[in-house]
Amino acid sequence: MSVFDQFSLEGKTAIVTGATGVLGGAMAHGLAAAGAKVAILGRRAEKAQEVVDAIQATGGIALATPADVLSTDSLNIARDAVIAEWGRIDILINAAGGNMPGATILNDVTFFNMKEEDYDGVVKLNLHGSLLPTQVFGEVMVEQGSGSIINISSMAAARSLTRVLGYSNAKAAIDSFTRWMAMELAQKYGAGLRVNAIAPGFFVGEQNRAFLLNPDGTHTTRGQTIIDHTPMGRFGEPDELVGTAIWLASDASKFVTGVIVPVDGGFSVFSGV
Ligand SMILES: NC(=O)c1ccc[n+]([C@@H]2O[C@H](COP(=O)([O-])OP(=O)(O)OC[C@H]3O[C@@H](n4cnc5c(N)ncnc54)[C@H](O)[C@@H]3O)[C@@H](O)[C@H]2O)c1
């Protein structure tokens with residue numbers, strides 16, 4: 001037996017929410033390449049099927065399970081589809097999420113006139129959008145006595161990033177949720193149940209592209225400020241999350257729970273001086 005066998009996801013099944021997006025998609029491909037059967041969960045059925053087709057084209061096994069992470073009913077349908085097809089759920093990556101313009105303090109929006117419903121919207125998507133899938137899919141893991149849940153945090157959770165108020169508050173809550181769930185699941189339901197998070201640095205995704213890059217591909221002022229505060233001097237590539245995701249999903253991390261792993265080119269440790 002090789003030391004690398006503990007990283008294999010052969011025989012495991014995974015659900016990746018937001019797998020229709022940039023980071024969730026990269027991690028879904030990575031889990032499939034490591035041997036997992038992967039359910040692609042996103043709101044848009046056609047987009048989910050495109051990701052499935054791309055994974056299958058590389059020899060992986062995948063299933064489209066369109067659902068809204070804010071609708072327990074649709075998550076239940078997705079869970080039933082995965083159980084009918086594969087019989088178990090070993091890995092959940094909660095990658096649906098992101099910033100939303102209304103709760104961003106920019107242009108005419110100040111802290112004082114920001115609408116409560118806009119704040120609620122971004123908190124709902126990022127916090128409840130991880131909590132509800134954890135309830136629906138985590139319950140299956142509890143019945144099995146094993147499972148690994150991976151939440152997606154952000155640099156905005158632990159440090160203050162200008163503008164993104166609602167998003168920062170929601171991601172800080174994700175860190176707290178990760179630690180709390182890690183304790184709850186291991187204590188009450190057994191050591192086979194683990195909850196961790198990845199805190200990505202700055203990666204160019206659909207929702208933040210215009211914040212980071214000008215139409216000609218050069219950095220915006222904010223994009224350049226981020227690069228200047230990233231010791232490695234560049235944005236991340238979505239594939240660079242895959243190794244950490246496989247480690248946290250696999251038996252290689254079986255005594256690891258409640259941690260938040262930065263994958264950030266050093267952003268979180270740099271004081272700026
Ligand atoms: N891109 C970055 O630099 C970065 C950095 C730190 C954290 N993150 C986090 O990583 C995660 C993925 O981000 P991304 O950059 O890949 O964004 P993305 O916009 O490319 O992907 C997000 C995906 O989630 C889906 N989604 C949104 N709402 C949904 C809902 N209600 N139900 C189901 N699916 C829904 C979207 O359709 C999209 O496919 C998010 O939680 C984001 O906050 C991103």
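In what follows, the structure referred to is the one given above.
Note that the structure is a prediction, hence the values are computed from the model and not measured.

J.: Before we go on, may I ask you to explain the overall build of the protein chain in this structure?
T.: A count of helices and strands for the protein chain gives nine helices and seven strands. Relative to its length of 273 residues, the protein chain is compact, with a C-alpha radius of gyration of 18 Å against a globular reference of 19 Å. Expressed as lengths along the three principal axes of its C-alpha atoms, the size of the protein chain is roughly 50 × 40 × 40 Å. Counted over contacts in the protein chain with a minimum sequence separation of 6, partners at least 24 positions apart contribute 70%.

J.: Explanation requested: the sheet that holds strand 3 (residues 61-64) in the structure shown.
T.: Backbone-to-backbone hydrogen bonds pair the strands of a sheet. The strands run either parallel or antiparallel. Pairing within the open sheet is parallel, and its seven strands lie in the order 3-2-1-4-5-6-7. At either margin of the open sheet sits one strand with a lone partner, and together these are strand 3 and strand 7 (260-263). Mean inter-strand twist for the sheet, computed between neighbouring axes without regard to direction, equals 20°. Pairing of strand 1 (residues 13-17) with strand 4 (residues 91-94), which is carried by four bridges, proceeds in the parallel orientation. Of the residues in strand 4, the one forming a bridge with V16 is I93. Each of strand 2 (37-41) and strand 3 is contacted by helix 2 (residues 45-57), which is oriented at about 170° to strand 3, the strand it contacts most. Here helix 3 (residues 72-86) sits on the sheet and contacts strand 1, strand 2 and strand 3; the angle it forms with strand 2, its principal contact strand, is near 160°.

J.: I would appreciate a short explanation of the site of the ligand in the present structure.
T.: Inspection of the region around the ligand gives 27 residues, with G18, G21, L23, G97 and G205 positioned closest. At the level of elements, helix 1 (22-33) and helix 4 (116-144) are the ones that each hand at least two residues to the shell around the ligand. Here the residues of the shell around the ligand are counted per class, giving eleven nonpolar, 13 polar and three charged.

J.: For this particular structure, what's the right way to read helix 9 (residues 242-249)?
T.: In an α-helix, one turn spans 3.6 residues; hence positions three or four apart end up facing the same way. Of all the positions in helix 9, only T244, A245, I246, L248 and A249 are classed as buried. At its buried positions, helix 9 is contacted by strand 1, helix 1, strand 4, strand 5 (147-152), strand 6 (193-200) and strand 7.

J.: What is the right way to read the nonpolar core from this model?
T.: Most often, soluble globular proteins have nonpolar side chains that are buried together. Ranked by internal contacts, the top residues of the largest apolar core, which has 71 residues, are V16, L31, V38 and I40. Ignoring any residue separated from it by four or fewer positions in sequence, one finds V16 in contact with G24, M27, A28, L31, V38, I40, L41, I93 and A95.

J.: Is there a simple way to explain helix 6 (residues 165-189) in this structure?
T.: Taking 1.5 Å of rise per residue, 25 residues should cover 36 Å, and helix 6 covers 35 Å from first to last C-alpha, within 8% of that figure. All of the buried residues in helix 6 are L165, G166, Y167, S168, A170, K171, I174, F177, T178, M181, A182 and L185. At its buried positions, helix 6 is contacted by helix 4, strand 5, helix 5 (155-158), strand 6 and strand 7. Remark: G190 follows helix 6 within two positions and exhibits a positive phi of approximately 120°.

J.: Help me understand unusual backbone geometry, please; the structure alone is not making it clear to me.
T.: Glycine aside, the phi torsion of most residues is negative, and most peptide linkages are trans. Despite not being glycine, N107 shows a phi value in the positive range, around 55°. Relative to the assigned elements, N107 resides in the loop between strand 4 and helix 4. Classification of N107 as exposed rests on a count of 7 C-beta atoms within 10 Å. Non-glycine residue R163 carries a positive phi angle of around 80°.

J.: Got a minute to help me understand the environment of N151 in this structure?
T.: With respect to the element layout, N151 can be found in strand 5. The sequence separation of N151 and F177 amounts to 26 residues, and the corresponding C-alpha distance is 9.0 Å.

J.: Would you take a moment to explain the packing of helix 3 against helix 4 for this structure?
T.: Pairs of packed helices are described in terms of their axes, by the angle between the two and the distance that separates them. Contact pair helix 3 / helix 4: the axes reach a minimum separation of 10 Å and the direction vectors enclose 30°. Comparing the axis directions of helix 3 and helix 4 gives the class roughly parallel. Here the hand of the crossing between helix 3 and helix 4 comes out right-handed. Listed contacts from helix 4 to T72, L75, N76, R79 and I83 of helix 3 are L132, P133, V136, F137 and V140. Grouping the amino acids of the contact of helix 3 with helix 4 by side-chain chemistry returns seven nonpolar, two polar and one charged.

J.: For this particular structure, what's the right way to read the pairing of strand 4?
T.: On any regular strand, side chains alternate: one points to one face of the sheet, the next to the other face. Burial along strand 4 is two-sided: the face carrying I91 and I93 and the face carrying L92 and N94 are both buried. Examined bridge by bridge, strand 4 and strand 5 share four bridges and lie parallel to one another. Bridge pairing in strand 5 places L92 opposite I149. This β-α-β element, strand 4 to helix 4 to strand 5, shows right-handed connectivity.

J.: Explanation requested: the environment of D90 in the structure shown.
T.: Within the element layout of this structure, D90 appears in the loop between helix 3 and strand 4. Separated by 143 residues in sequence, D90 and G233 place their C-alpha atoms 36 Å apart. The contacts of D90, once residues within four sequence positions are left out, are K12, T13, A14, S146, G147 and S148.

Reading guide: rules and limits
Residues numbered from 1 in each chain as written. Predicted model: local features only at pLDDT ≥ 70, side-chain atom pairs only at ≥ 80, totals over all residues. Helix = DSSP H or I, 4+ residues; strand = E, 2+ residues; numbered from the N terminus. Rg over C-alpha atoms; globule rule 2.2 N^0.38 Å. Contact = placed C-beta atoms within 7 Å. Pairing = 2+ DSSP bridges. Axes fitted to C-alpha atoms, helices over the stretch in contact; angles between N-to-C directions. Near = placed C-beta within 6 Å. Nonpolar A, V, L, I, M, F, W, Y, C, P; charged D, E, K, R; others polar. Buried ≥ 20, exposed ≤ 12 C-beta atoms within 10 Å, placed from the backbone. Core = buried A, V, L, I, M, F, W, Y, C linked by C-beta atoms within 7 Å. Expected span 1.5 Å × (residues − 1). Parallel < 35°, antiparallel > 145°, perpendicular 65-115°, else oblique. Left-handed = near helix turned anticlockwise from the far one by under 90°. Right-handed = clockwise from strand over helix to strand, strands pointing away.

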